[in-house]
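Breakdown of the fold
Chain residues, written in single-letter form:
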Amino acid sequence: MYPVSPFYAYLLKRYSREFVVKANIAGIEYDNTVIVDFAIDNSLTMSNGFEIGTAIPSKLTITLRTQDTIPPNAKVTPYLGLSSETLTWLETIYPWQDMGYPWSGGLSEWLPLGEFYVDKREQDNNVWTFTCFDKLVFSDVAYISSLTYPTTLQAVWNEICTSLSFAYDESVVIDPSYTVEVGPTGYTKHQMLAYIAGVNGASVYVSKDGTIKFKRFTVDEEPTFEFTTGDYIRVKQTNPVKTYTRVVVTYNPDDGLTYEAGSGDENHTLYTVNPFATQEITNNLLAQFNGFTYLPINMDARGFPQLDQGDVIQFAHNESSTWLETFTAWENTESLWNGEVFYKTIILHQSFSFRGGLRMRIEAPSISEQQSEFAVDGSLTAQVNNLNKVAVRENRNYFGVTITRTEGIIVERDDHASKVVLNSDEMTFYRGTEKAIYFDTINGVYKFNGTLEAADGNFSGTITASTIIGGVITGALIQTAEEGIYPRMQFSLSNIKAEQSATNYALFQPDAFGSSPGFEFHNSSSEGFIYLLGSAFALYTPLGSADIQISSGKDLFLNASNTIRLNGNNLSINGSSGFTGAFLAGSQVVSVSKGIITSVI
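Since we're looking at a predicted model, the values are computed, not measured.

The two faces of strand E28 (residues 427-431) differ: Thr 428 and Tyr 430 on one face are buried, but Met 427, Phe 429 and Arg 431 on the other face are not. Joining the antiparallel neighbours strand E27 (residues 418-422) and E28 is a turn of four residues. Of the strand pairs in this sheet, E28 and strand E29 (residues 434-440) are connected by four bridges, and their pairing is antiparallel. By the bridge assignment, Thr 428 is partnered in E29 with Tyr 438. Here E28 folds back onto E29, and the loop between the two strands holds two residues, one of which, Gly 432, carries a positive phi near 70°.

Quick look at the structure:
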């Protein structure tokens, strides 16, 4: 129950109460001259019975008479106040000096009724009707965890609340020993919040001030509010008192795998679905709910807006009878003289409606007791149930592996950082949303978008690359272009060849002249060779092909340990200062100084 002042609670109990309403919409305040009416629905169950592990957004439907433009997803916070102007001295039960109100009366504090966000709108002339939901709707997004697993459910809860900017209070108590072994895959943040609450015997809701809260149920919880017979219009008991003595948790709905604790028939069994449950958690839930009791009712009442879904309430019911209608002995009859009997129940669904006055409806539904606790399966049913347990299911996640009709086999990491899709048309490895390795069915080739690392490999076809860095290449023909395309370089087992054209090229061969290596140089008109021939190193051009020139910009030294021989039909030596030296002519040595023969020996 949302806290209110004693004076506010007192004004709510008056039969002649007068409400004042306002709403803050996108930072602009609208009063009762603009607000036509509103209705609020709060729930802890979406079924016909009691549930745990729910996270149901509250709903606001508000009608305004305005020409203002309300922004999309605008935040709407309605408030209720109470006027004390009609309060008389005889009705006042609080000392004047303790009350901060003027002689002429005034308003109580404003009670917030929740924080909502516009989802859709409808217009009828200048009258707008807005349908809004609380902040739990923002949690209906995929949960992609950045945590390291295994981790605690508390860490998962904190990660989700931080990502959504959700603030929660001390009512959120998560057992620190509860863990999750692998990252949850295929769940929304909304589902995760509900599952975490469920294993802790609670449900999630948003309080009137926008705080995330747990409603944790206990056996011995005392009522937070008491309805007198004058506080409600009618109350109807819809089923016998509901009591739980057994808990069944389904942790694998597709295969029907469950944990059980306690004993009792179907009517006394609390069922819940939670993929993070264990036998220990189920035992703890039984310890919490064993003997939990509530009375299924429907109640139409005067509005008490401080009540929250999940509140335990008590109400008085007049069950008086005349002496003639009483059949029990006096000593065995327990009844007040005014005939009132008190009952306790829990608010599982409540709705408020305001149109000048405030009314509310409270529901605590339950599932009717079944006629038979056990169903007898025929042979076909038993086979189908067994098949459901052992068959691989479509769209079912098996430790990251899913089979679908549209994509075939999908293997995906919990954080969606990588994924593999395999089918007859596609074999793709994804890095995030980008294809890293895939088979191009049109061209019939595998494609790699990234770096391929391998220890070794054999290739019979063509390898195409823009850059090769490092390593050893053995036994291959390496060429910069196909033969006949110039310019071109070629590295093979027999030669190294650099070609500018078919007739203009340089060639190195390890066995150019017999077993001796050598270089060849060719153009369209001449050719030359450098090679080893026996013990001689030769520069050679064929007869009539080309000259051999040795030029130096400075001195030219020809040194030999033995004789330097110059052979030719003609020998011409030119120099600006003449030739100085000696040379062999036949068997004689000729000495020359500055171009003049000085001796012949």
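Here we come to the side chain of Gln 306. Mapped onto the elements of the fold, Gln 306 is located in the loop between strand E20 (297-302) and strand E21 (312-318). In this structure Gln 306 comes out as buried when scored by relative accessible area, which is 3%. With near-sequence residues (within four places) excluded, Gln 306 lies in contact with Met 1, Tyr 2, Val 4, Leu 12, Leu 111, Lys 208, Phe 225 and Asp 311.

Phe 38, Phe 50, Leu 80, Trp 157 and Phe 227 are the most contacted members of the largest nonpolar core, which has 96 residues in total. Looking at this core, the element that brings in the most residues is helix H3 (residues 189-199), giving seven residues. Those residues in contact with Phe 38 that lie beyond four places of it in its chain are Val 21, Leu 60, Thr 61, Ile 62, Leu 80, Leu 113, Phe 352, Ser 353 and Phe 354.

One can find Ile 62 in strand E4 (residues 59-65). A relative accessible area of 1% means that Ile 62 is categorised as buried. On a C-alpha basis, the gap between Ile 62 and Phe 38 in space is 4.1 Å, while along the polypeptide they are 24 residues apart. Discounting chain neighbours no more than four positions away, the residues touching Ile 62 are Ala 23, Ile 35, Asp 37, Phe 38, Trp 128, Thr 129 and Phe 130.

For the structure on display, the rule yields 16 salt bridges. Notably, a salt bridge pairs Glu 221 with Lys 215, separated by 2.7 Å at the nearest N-O pair. The same class applies to Glu 221 as to Lys 215, namely buried. Among the charged side chains, a salt-bridge network with shared partners connects Arg 234, Asp 300, Arg 361 and Glu 363.

The next point concerns the pairing of strand E7 (residues 116-124). As judged from the two bridges shared by strand E5 (residues 75-82) and E7, these two strands associate in the antiparallel manner. From the neighbouring strand, Val 76 faces E7, where its bridge partner is Phe 116. Of the strand pairs in this sheet, E7 and strand E8 (residues 127-133) are connected by seven bridges, and their pairing is antiparallel. Bridging across to E8, Tyr 117 finds its partner in Phe 133. In this antiparallel pair of consecutive strands, E7 and E8, the connection spans two residues, and Asn 125 shows a positive phi of 60°.

Here we take up the sheet that holds strand E34 (residues 505-513). If you walk across this open sheet you meet the seven strands as E31-E32-E33-E34-E35-E36-E37, and the pairing is antiparallel. Of all strands in the sheet, those bounded by a partner on one side alone are strand E31 (478-479) and strand E37 (536-540). Bridge count between strand E36 (residues 527-533) and E37: five bridges; the pairing is antiparallel. From the neighbouring strand, Phe 529 faces E37, where its bridge partner is Tyr 540.

This paragraph deals with a nonpolar patch on the surface. A cluster of nonpolar residues, Val 401, Ile 403, Ile 409, Val 411, Leu 422, Met 427, Tyr 446, Phe 448 and Leu 452, forms a patch on the protein surface that exposes about 760 Å² of accessible area. Elements with a contribution of two residues or more to the nonpolar patch: strand E25 (401-404), strand E26 (408-412) and strand E30 (445-448). Positionally, Val 411 belongs in strand E26.

The three strands lie next to each other as E13-E21-E22, forming an open sheet whose pairing is mixed. Two strands bound the open sheet, and with one partner strand each, they are strand E13 (225-227) and strand E22 (340-346). On average, each strand axis in the sheet is inclined to that of its neighbour by 25°, with strand direction left out of account.

Turning to helix H4 (residues 279-289), its buried residues number three or more, namely Ile 281, Thr 282, Leu 285, Leu 286, Gln 288 and Phe 289. Seen along its axis, H4 keeps its buried residues to an arc of 160°; they face one direction. Once H4 finishes, Gly 291 follows within two positions and takes phi at roughly 95°, a positive value.

At a minimum axis separation of 10 Å, helix H2 (residues 153-164) and H3 run at an interaxial angle of 145°. In the packing of H2 onto H3, the handedness of the crossing is left-handed. Facing H2, whose interface residues are Leu 153, Val 156, Trp 157, Ile 160, Cys 161, Ser 163 and Leu 164, H3 presents Lys 189, Met 192, Leu 193, Ile 196 and Val 199.

Note on placement: Val 589 falls in strand E39 (residues 588-593). Given a relative accessible area of 37%, Val 589 falls into the partly exposed group. Measuring from C-alpha to C-alpha, the distance between Val 589 and Ile 601 comes to 5.3 Å, with twelve residues separating the pair along the chain.

The rules behind these values
- Residues numbered from 1 in each chain as written.
- Predicted model: local features only at pLDDT ≥ 70, side-chain atom pairs only at ≥ 80, totals over all residues.
- Heavy atoms only, no water.
- Buried < 20%, exposed > 50% of the residue type's maximum accessible area, 1.4 Å probe, protein only.
- Helix = DSSP H or I, 4+ residues; strand = E, 2+ residues; numbered from the N terminus.
- Pairing = 2+ DSSP bridges.
- Contact = heavy atoms within 4.5 Å.
- Core = buried A, V, L, I, M, F, W, Y, C linked by side-chain atoms within 4.5 Å.
- Salt bridge = Lys/Arg side-chain N within 4 Å of Asp/Glu carboxyl O.
- Patch = residues over 30% accessible without salt bridge, like charges linked within 9 Å, V, L, I, M, F, W, Y side chains within 5 Å.
- Areas by Shrake-Rupley, 256 points an atom, 1.4 Å probe, with all protein chains shown as cover.
- Axes fitted to C-alpha atoms, helices over the stretch in contact; angles between N-to-C directions.
- Arc of directions from axis to C-beta.
- Left-handed = near helix turned anticlockwise from the far one by under 90°.

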